[in-house]
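Spelled out, the chains give:
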Amino acid sequence: MAEKDFQPLTQNVVRGLNDKLYDKRKTAALEIERMVKEFVASNDVRQIKRLTAVLAEEFAVSHNNHSRKGGLIGLAATAIALGKDAGLYLKSLIPPVLTCFYDQDSRVRYYACEALFNIAKVARGSVLPFFNDIFDGLSKLAADPDMNVKNGAELLDRSVKDIVTESSSFDLVSFIPLLRDRIYTANPFAKQFLVSWLMVLDAVPDLDLVAHLPEFLDGLFNIFKDRNPEIRKMCEAALGEFLRGIKRETKNVNFADMVNILVIHSQSEEVAKTVNQSLMRLITEDDDKDVDSDTVSMDCDNDFVQPQTQTQLDLGPVVNVLTVQLSHKSIQTRIAVLRWVLLLHMKTPNKIFGQIEQLFPELLKTLSDPSDEVVLLVLEALAEISASPAGPPRNSPSQSISEGSSPGSEQNAAPHRQLNKYFHKFMNNVMSLFRTDRKLLEERGSFILRQLCLLLNAEDIYRAMSEILLQENDFQFASLMVRYLNMILLTSSELFDLRDQLRELATAESCSLFCCLYQSWCHNPVATVSLCLLTQNYQHACELLMILYPYYAQIVTVESFVWPQSCSTQ
């Protein structure tokens, strides 16, 4: 081709751009940069357009791979020379570079990334009209088999993300259809690329990505099912941010479409678990405050005041769902429900007590659950509720100390330990459960009682149980219950401090506890004697044995009074 066909490029520049050596192509590019600066200085727009057309048509799309490389570096040099005016010529600069993203030669793809990086560096926000094409190309280069190309694409990707973040003219609406199409990719690298862009766009204050969530939520859940832990972690973080965005601003959220997607994907245990954990992280202490629906917070800037609505958490529907799901056939579902109850009590104690009359009976029913983990969690939940300062006071005028306590029991009550009226409801229901389900008492009675002593004050547990047993009409059950309580008292490591307190009887409180226990322990003579031995009331123990001897002479043996070795050494 004649020299005139490449004007305004000189023959030396043309030869350099076609050379197989990078240094020769770079030298030619520096000469192009010098030429363009002269054209800009003389305002020679015609020559600039002619030069970009030659680079694009004769080099960047040439059949010779070295020519394509030369064309790319020449286009980048042209953009650098144009500087702030590069935006005026992007229609000639960017399309040929994007074409090279799909070149069969990996070195050409790499130089295409490098060229567009340099163009974007000077043009900045002016490249946004080409964003969809750039994004489409980058999504493919993210999965490129050549590591150099991937590294170049990552560098360009970071630059484009910075441009989008700092720009106020990004067209989110036109981008969503492309995102919806690309998000179903099967390539793990492309998945990471897409999720990273979702997180970047969600972080831009002026972009309402949450309003478009139904468009790509299904695809995002599909990506989350990938076995790669890094991809799953990225998806989990993205879902969490979207949920926080929904909580901040519900006005433009399409809940109906999202619910349909959630119902479909909730069949996946992993997806359901992640969504559940993300939802739990949304609950904060601020949700326990009542917010007037007409109240707005005002963020003040120098020139304007922007109102921000505050979303109020309504626990009624939440508790309705939780109470229903407590009887779900899946153990994992019941465990998740109880963790929700614990979280809501920890973060929103005042609001949860507004729903407690509905929730508390359902929690009590769960004490007989066949799963030990479920029982542990429901005991923890009931214990937290019973000891919550948000609950009605234990000694309020409208509520007696115990629904079944004796008239004089208040005189022997232990000092107040932040227990509320639900503590005695809890204890009465535990006792009622053991009374009606002897198998539960036999198989899990000790387990439940020991856990209660760990979760709450052991003295409060024993005092409350003793007061309830004083009113027990089923003497056979009372005797059995005292036997269990006594065995736990004598042998359980969880009750070491309580044993030590009873052994010494050094305070008025410990003496009061002994008197309270003694009354109900009388339902079981053997337990009564062992209690006297524990408290070192040896004289009274002998008197009891003398009284009981005629009745137990043929059935009481030495083994009935075996003193645990662990107790004597502690």
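Residues numbered from 1 in each chain as written. Predicted model: local features only at pLDDT ≥ 70, side-chain atom pairs only at ≥ 80, totals over all residues. Heavy atoms only, no water.

- By the naming in an unreviewed UniProt entry, the chain goes by Protein VAC14 homolog and is assigned to Stylophora pistillata.
- In its Subunit (unreviewed entry) section, the UniProt entry covering the chain states "Forms pentamers. Component of the PI(3,5)P2 regulatory complex/PAS complex, at least composed of PIKFYVE, FIG4 and VAC14. VAC14 nucleates the assembly of the complex and serves as a scaffold by pentamerizing into a star-shaped structure, which can bind a single copy each of PIKFYVE and FIG4 and coordinates their activities. Interacts with NOS1."
- Note on the chain: under the UniProt heading Sequence similarities (unreviewed entry), the record states "Belongs to the VAC14 family." (UniProt positions renumbered as here; feature names shortened; annotations may be inferred.)

## Observations regarding the overall build of the chain
At step 1: Within the chain one finds 28 helices and two strands.
At step 2: Of all 570 residues assigned to the chain, the portion counted as buried reaches 49%.
At step 3: Summarising the internal contacts of the chain: among those between residues at least 6 apart in sequence, 71% fall at separations of at least 24.
At step 4: Total accessible area computed for the chain in this model is approximately 28400 Å², and 52% of it derives from carbon and sulfur atoms. (Helix = DSSP H or I, 4+ residues; strand = E, 2+ residues; numbered from the N terminus. Buried < 20%, exposed > 50% of the residue type's maximum accessible area, 1.4 Å probe, protein only. Contact = heavy atoms within 4.5 Å. Areas by Shrake-Rupley, 256 points an atom, 1.4 Å probe, with all protein chains shown as cover.)

## So, helix α25 (residues 508-521)
At step 1: When the terminal C-alpha atoms of α25 are compared, their 20 Å separation across 14 residues agrees well with the 20 Å that a helix rising 1.5 Å per residue should span.
At step 2: Those residues of α25 lying buried are Ser 510, Ser 512, Leu 513, Phe 514, Cys 516, Leu 517, Ser 520 and Trp 521.
At step 3: Buried residues belonging to α25 abut α22 (458-470), α23 (475-491), α24 (496-504) and α26 (525-534). (Expected span 1.5 Å × (residues − 1).)

## Let's talk about the pattern of salt bridges
At step 1: Evaluation of the coordinates by the stated rule reveals 26 salt bridges.
At step 2: Here Lys 37 and Glu 33 are joined by a salt bridge, their closest N and O atoms 3.5 Å apart. One end of the pair is Lys 37 and the other is Glu 33, both in helix α2 (residues 22-41) and four residues apart, which spans about a single turn.
At step 3: Among the residues examined, Glu 33 registers a relative accessible area of 17% and is labelled buried.
At step 4: Salt-bridge contacts for Glu 285 lead to Lys 347; the nearest nitrogen and oxygen are separated by 3.4 Å. (Salt bridge = Lys/Arg side-chain N within 4 Å of Asp/Glu carboxyl O.)

## So, the UniProt feature "repeat: HEAT" (unreviewed entry) in the chain
At step 1: With numbering aligned to this structure, UniProt lists the feature "repeat: HEAT" (unreviewed entry) at residues 93-128.
At step 2: The distance separating the terminal C-alpha atoms of residues 93-128 is 14 Å; by composition the span is 69% helix and 0% strand.

## Some points on the packing of aromatic side chains
The geometry of an aromatic ring pair is captured by the separation of the ring centres together with the interplanar angle, meaning the angle of the planes.
At step 1: Counted by the stated rule, this structure contains 16 aromatic pairs.
At step 2: Where Phe 135 meets Phe 175, the ring centres are 4.8 Å apart and the plane angle is 80°; that geometry is what we call edge-to-face. Highlighted residues: Phe 135 in helix α7 (residues 131-141) and Phe 175 in helix α9 (residues 172-182), separated in sequence by 40 residues.
At step 3: We classify Phe 175 as buried; its relative accessible area is 0%.
At step 4: A cation over a ring is seen here: Lys 150 above Phe 189, with NZ or CZ 3.3 Å from the ring centre. (Phe/Tyr/Trp six-rings, centres within 6.5 Å; stacked < 30°, edge-to-face > 60°. Lys NZ or Arg CZ within 6 Å of the ring centre and 35° of its normal.)

## Points about unusual backbone geometry
At step 1: With omega at 10°, the peptide bond leading from Gln 7 into Pro 8 counts as cis.
At step 2: Among the structural elements, Pro 8 can be located in the segment before α1 (11-18).
At step 3: Located in the positive-phi region is Gln 536, a residue other than glycine, with phi close to 65°.
At step 4: The topology assignment puts Gln 536 in the loop between α26 and α27 (538-552).

## Considering the confidence of the model for the chain
At step 1: For the chain, per-residue confidence averages 86 on the pLDDT scale, and 88% of positions sit at 70 or higher.
At step 2: Across residues 396-417 the pLDDT falls below 50, and counting only partners more than four positions away or on other chains, this stretch makes 35 contacts in the model.
At step 3: Taken as a whole, residues 556-570 scores under 50 in pLDDT and shows 19 contacts with residues more than four places along the chain or in a different chain. (pLDDT = per-residue confidence, 0-100.)

## A closer look at a nonpolar patch on the surface
At step 1: A cluster of nonpolar side chains, contributed by Phe 255, Val 259 and Val 263, occupies part of the molecular surface with about 260 Å² of accessible area.
At step 2: In this fold, Val 263 is placed in helix α13 (residues 255-265). (Patch = residues over 30% accessible without salt bridge, like charges linked within 9 Å, V, L, I, M, F, W, Y side chains within 5 Å.)

## A word on the layout of surface pockets
At step 1: Of the voids in this model, the largest pocket is the one considered here, and its volume is about 1900 Å³.
At step 2: Along its surface, the largest pocket is lined by 49 residues, and Ala 272, Val 275, Asn 276, Leu 279 and Trp 340 are the ones closest to its centre.
At step 3: If one sorts the elements of the lining of the largest pocket by residue count, helix α14 (residues 269-282) sits on top with 11 residues.
At step 4: Looking at the lining of the largest pocket residue by residue, the class counts come to 29 nonpolar, 13 polar and seven charged.
At step 5: A domain split of the lining of the largest pocket shows at least three residues from each of domain 2 (171-253) and domain 3 (313-390). (1 Å grid on protein atoms, 1.4 Å probe; cavity = no way out; pocket = protein on both sides within 12 Å on 5 of 7 lines; lining within 4 Å. Points joined across faces, edges and corners; volume = space filled by probe spheres on them. Nonpolar A, V, L, I, M, F, W, Y, C, P; charged D, E, K, R; others polar. Domains from an automatic or database assignment.)

## Quick word on the packing of α22 against α23
At step 1: In the contact formed by α22 and α23, the axes pass within 11 Å of each other and the chain directions differ by 165°. Overall, the two elements α22 and α23 adopt an arrangement that is roughly antiparallel. Crossing of α22 over α23 shows left-handed handedness. On the side of α22, the interface is formed by Tyr 462, Met 465 and Leu 469, while α23 contributes Ala 478, Met 481, Val 482, Leu 485, Ile 488 and Leu 489.
At step 2: Grouping the constituent residues of the contact of α22 with α23 by class yields nine nonpolar, no polar and no charged. (Axes fitted to C-alpha atoms, helices over the stretch in contact; angles between N-to-C directions. Parallel < 35°, antiparallel > 145°, perpendicular 65-115°, else oblique. Left-handed = near helix turned anticlockwise from the far one by under 90°.)

## Remarks on the packing of helix α15 (residues 315-325) against helix α16 (residues 331-347)
At step 1: Here α15 crosses α16 at 145°, and the two axes come no closer than 9 Å. By crossing handedness, the relation of α15 to α16 is classed as left-handed. Side by side, α15 and α16 meet where Leu 315, Val 318, Leu 322 and Gln 325 of the first sit next to Thr 333, Arg 334, Val 337, Trp 340, Val 341 and Leu 344 of the second.

## A short note on α14
At step 1: The end-to-end C-alpha separation of α14 is 20 Å, in line with the 20 Å expected for 14 residues at 1.5 Å each.
At step 2: Summarising the contacts, the buried residues of α14 are in contact with α11 (213-224), α12 (229-248), α13 and α16.

## As for the environment of His 328
At step 1: Among the structural elements, His 328 can be located in the loop between α15 and α16.
At step 2: Exposure remark for His 328: the relative accessible area of 29% places this residue in the partly exposed category.
At step 3: With near-sequence residues (within four places) excluded, His 328 lies in contact with Thr 333 and Arg 334.

## Details of the state of the cysteines
At step 1: Inspection of the entire model under this criterion finds zero disulfides.
At step 2: Among the cysteines around Cys 511, which has no disulfide bond, Cys 515 carries the closest sulfur, lying 6.9 Å off. (Disulfide = S-S within 2.5 Å.)

## With respect to the environment of Glu 494
At step 1: With respect to the helices and strands, the residue Glu 494 is situated in the loop between α23 and α24.
At step 2: Judged by its relative accessible area of 25%, Glu 494 is partly exposed.
At step 3: A distance of 3.1 Å separates the side chain of Glu 494 from the side chain of Arg 450, its partner in a polar contact. (Polar contact = N/O pair within 3.5 Å; in protein donor to acceptor, adjacent residues only side chain to side chain.)

## Considerations on the environment of Met 346
At step 1: Relative to the elements of secondary structure, Met 346 occurs in helix α16.
At step 2: On the basis of relative accessible area, Met 346 is assigned to the exposed category, the value being 56%.
At step 3: Considering only alpha carbons, one finds Met 346 and Asp 288, 58 residues apart in sequence, at a separation of 9.9 Å.

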